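# A structural walkthrough
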Amino acid sequence: MTVDTEIQITTIRDEPGAKSLKVEVGLERVRQAEAKATSQYAKRAKLPGFRPGKAPLAIVKKQFRDAIRESVLRELIGESWKAAVDRQSLRPIADPRVRDVKFEEGTPVTFELLVEVKPELALERLGGFRLTRVQRPVTDEMVTQQIDELRKQKAPWVPVEGRTPQPGELVAVSIATRPTEEGEGEAGAGKAEDARQYQIVLGSGQAIPDLEEQLAGLTPGQTVDTTVRYPDDFEDESKRGQVRAVRLTLHEIKRQELPPLDDGSARELGDFDSLDDLRRTVREDLEAEARREADADVRRQLVDQLIEANRVEAPRPMVQRVLQAFGQAYEVPDEQLEQFAQEFGPVAERQVKRDLVIDHVADREQLLATEEDVDRRVEEIAKRRGAEPGQVYASLQKAGRLRELERNLTEEKVFSHLLQQSTISDA
């Protein structure tokens, strides 16, 4: 009897994006796997009273029972998974999950494979859409604002004396939590805990509003005992709405002293010959960013219309996988995952639909990024960085970003193909 007929695979559940397969491995195949695993352990086993590789198989099987069992299951599951992919022409997006394993002496091995698969997609309409490209204009005010941000990065902080702090200024403060008396709801007369030192830029969101309000009324060297309330939308849910008694001491105020806006400061900000050169470069950068934003919005419109015109559905398992990835990326606590899933569910659903459309078009039109595409892009990156292509490639490979680069190139080719089939109007 061949291995193929010894492995029986039955579909017990089939939905878009997922399959459940019941697998039964015949007893003869199980015995072959057990004999193979036992023989492998017998060759390596070092048992008291026996030379290496000379211990009786029965003793080896008893001594290494759990390890042999694990080895057998690993072989049978791997073999069954390969058979399932071949027989059912599966397009898995991840390794299967295995559950309900039954492995008893003298009986076939059975288990269930839970498989996430890429669903079959039929896009009947790829073009004929009307898209609007809106590029925001870059104003003189925007250029000046961006230059001011550059100046702030270089500007020194200088001390301020004899007044209260203003928004945007840096304060050095110590904060100590004071004890409260039960039932009073206000600070008691006990000793404050050891103070902790902080540096806060007022108005930047680094501190809660109540604390900033209290600091705004102090001058350097002044201490105040007061209470602060955590806002209802505070990041740490356990502190939302709580009132704390604190002792605040303002030690120092500093403000930024911006350099004059002239040719000299322009040269200090970078490789610029003059203030006019700086303004021109900043404007070009802002205009390039505006073009990228406009192009991205056109692609978003195209994807939305493609999804709607072809009634693309997002398989539940794929949406759950994206939500799980989002949760890990944002380090969402387990107790907040349900709420997170509700809030980000539509985002994950659209992401899945978008990926399905792009993958389908890339496969159908043979637009997947090639090695030559990757090499050309690496050479472009190397030229911009003034580096060797081999160094850039090695760096991307080490950082695990080659697949991301391939994906971006594929998307560029797909959107180039699709946009040629629709009408784009400038607003």
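Okay, so let's go over this structure. (Residues numbered from 1 in each chain as written. Predicted model: local features only at pLDDT ≥ 70, side-chain atom pairs only at ≥ 80, totals over all residues. Heavy atoms only, no water.)

So, about the overall build of the chain. Across its full length, the chain holds 13 helices and eleven strands. For the chain, whose C-alpha radius of gyration is 33 Å, the value lies well above the compact-globule estimate of 22 Å for 427 residues. Seen through its C-alpha atoms, the chain measures out along the principal axes to roughly 95 × 70 × 45 Å. Classification of the 427 residues of the chain by burial places 35% in the buried group. The long-range fraction of contacts in the chain, counting pairs at least 24 apart against all pairs at least 6 apart in sequence, stands at 66%. (Helix = DSSP H or I, 4+ residues; strand = E, 2+ residues; numbered from the N terminus. Rg over C-alpha atoms; globule rule 2.2 N^0.38 Å. Buried < 20%, exposed > 50% of the residue type's maximum accessible area, 1.4 Å probe, protein only. Contact = heavy atoms within 4.5 Å.)

A few words on the side chain of T110. As for its placement among the helices and strands, T110 is situated in strand β4 (residues 109–116). The class for T110 is buried, based on a relative accessible area of 13%. In contact with T110, not counting residues within four places along its chain, are K22, V23, E24, D100, V101 and K102.

Time to look at empty space enclosed by the protein. Using the criterion set out here, one finds one cavity of 30 Å³ or more in the structure. Considering only enclosed or pocket space, the largest cavity measures out at about 40 Å³ in volume. Lining the largest cavity are L170, V171, A172, Q199, E252, I253 and K254. When contributions to the lining of the largest cavity are tallied by element, the ones reaching two or more residues are β7 (170–177) and β10 (243–256). (1 Å grid on protein atoms, 1.4 Å probe; cavity = no way out; pocket = protein on both sides within 12 Å on 5 of 7 lines; lining within 4 Å. Points joined across faces, edges and corners; volume = space filled by probe spheres on them.)

Turning our eyes to something else, we now look at the environment of R407. Inspection of the secondary structure assignment puts R407 in helix α13 (residues 402–419). We classify R407 as partly exposed; its relative accessible area is 27%. Distance from R407 to T249, taken between C-alpha atoms, is 53 Å for residues 158 residues apart in sequence. Contact partners of R407, with chain neighbours within four places excluded, come to D355, I358 and D359. A distance of 2.4 Å separates polar atoms of two side chains, one belonging to R407 and the other to D359. (Polar contact = N/O pair within 3.5 Å; in protein donor to acceptor, adjacent residues only side chain to side chain.)

This paragraph deals with the sheet that holds β4. Strand pairing in a sheet relies on backbone hydrogen bonds, with the paired strands running either antiparallel or parallel. Read from one edge of the open sheet, four strands run β1-β2-β4-β3, paired in antiparallel fashion. Of all strands in the sheet, those with a lone pairing partner are β1 (7–15) and β3 (97–102), marking the two edges. The average angle at which neighbouring strand axes cross in this sheet is 20 degrees, direction not considered. Along the sheet, helix α4 (residues 65–88) makes contact with β1, β2 (18–25), β3 and β4, crossing β1 at roughly 65 degrees. (Pairing = 2+ DSSP bridges. Axes fitted to C-alpha atoms, helices over the stretch in contact; angles between N-to-C directions.)

Quick look at the packing of aromatic side chains now. Counting across every chain of the model gives four aromatic pairs. Aromatic side chains Y230 and F234 sit 4.9 Å apart centroid to centroid with 55 degrees between the ring planes, which places their arrangement in the tilted category. The exposure class of F234 is partly exposed, given its relative accessible area of 23%. With a centroid separation of 6.0 Å and an interplanar angle of 40 degrees, the aromatic rings of Y330 and F344 are classed as tilted. Remark: F344 occurs in helix α10 (residues 337–364) and Y330 occurs in the loop between α9 (316–329) and α10; sequence separation between them is 14 residues. Y330 sits in the exposed class, given a relative accessible area of 56%. A residue is classified by how much of its surface remains accessible, and F344, at 26% relative accessible area, is partly exposed. Among the aromatic side chains, those forming a connected cluster through ring pairs are Y330, F340 and F344. The ring of F415 carries the charged tip of R299 above its face, separated from the ring centre by 5.7 Å. (Phe/Tyr/Trp six-rings, centres within 6.5 Å; stacked < 30°, edge-to-face > 60°. Lys NZ or Arg CZ within 6 Å of the ring centre and 35° of its normal.)

So, on to helix α2 (residues 27–44). Counting along an α-helix, one turn takes 3.6 residues, and residues three or four places apart therefore face a common direction. Counted at 1.5 Å a residue, the expected span for α2 with its 18 residues is 26 Å, and the 26 Å between its end C-alpha atoms agrees. When we look at burial in α2, the residues that qualify are R29, V30, A33, E34, A37, T38, Y41 and A42. (Expected span 1.5 Å × (residues − 1).)

In this section: the packing of helix α8 (residues 275–310) against α10. Contact pair α8 / α10: the axes reach a minimum separation of 10 Å and the direction vectors enclose 85 degrees. The angle between α8 and α10 places the two elements in the roughly perpendicular class. Listed contacts from α10 to R300, V303, D304, L306 and I307 of α8 are R350, K353, R354 and V357. Across the contact of α8 with α10, the residue classes tally to four nonpolar, no polar and five charged. (Parallel < 35°, antiparallel > 145°, perpendicular 65-115°, else oblique. Nonpolar A, V, L, I, M, F, W, Y, C, P; charged D, E, K, R; others polar.)

Positive phi values are uncommon outside glycine, yet R311 reaches one of about 50 degrees. Here R311 shows up in the loop between α8 and α9. By relative accessible area, R311 is classed as exposed at 72%. Of note, Q366 is a non-glycine position whose phi angle comes to about 55 degrees, a positive value. By the secondary structure assignment, Q366 is in the loop between α10 and α11 (371–385).

Here the structure, examined in full by the defined rule, presents 42 salt bridges. Taking the shortest distance from any N to any O, the salt bridge between E116 and R321 comes out at 2.9 Å. With E116 in strand β4 and R321 in helix α9, the pair connects residues that are 205 residues apart, well separated along the chain. Of the residues examined, E116 reaches a relative accessible area of 16% and is grouped as buried. (Salt bridge = Lys/Arg side-chain N within 4 Å of Asp/Glu carboxyl O.)

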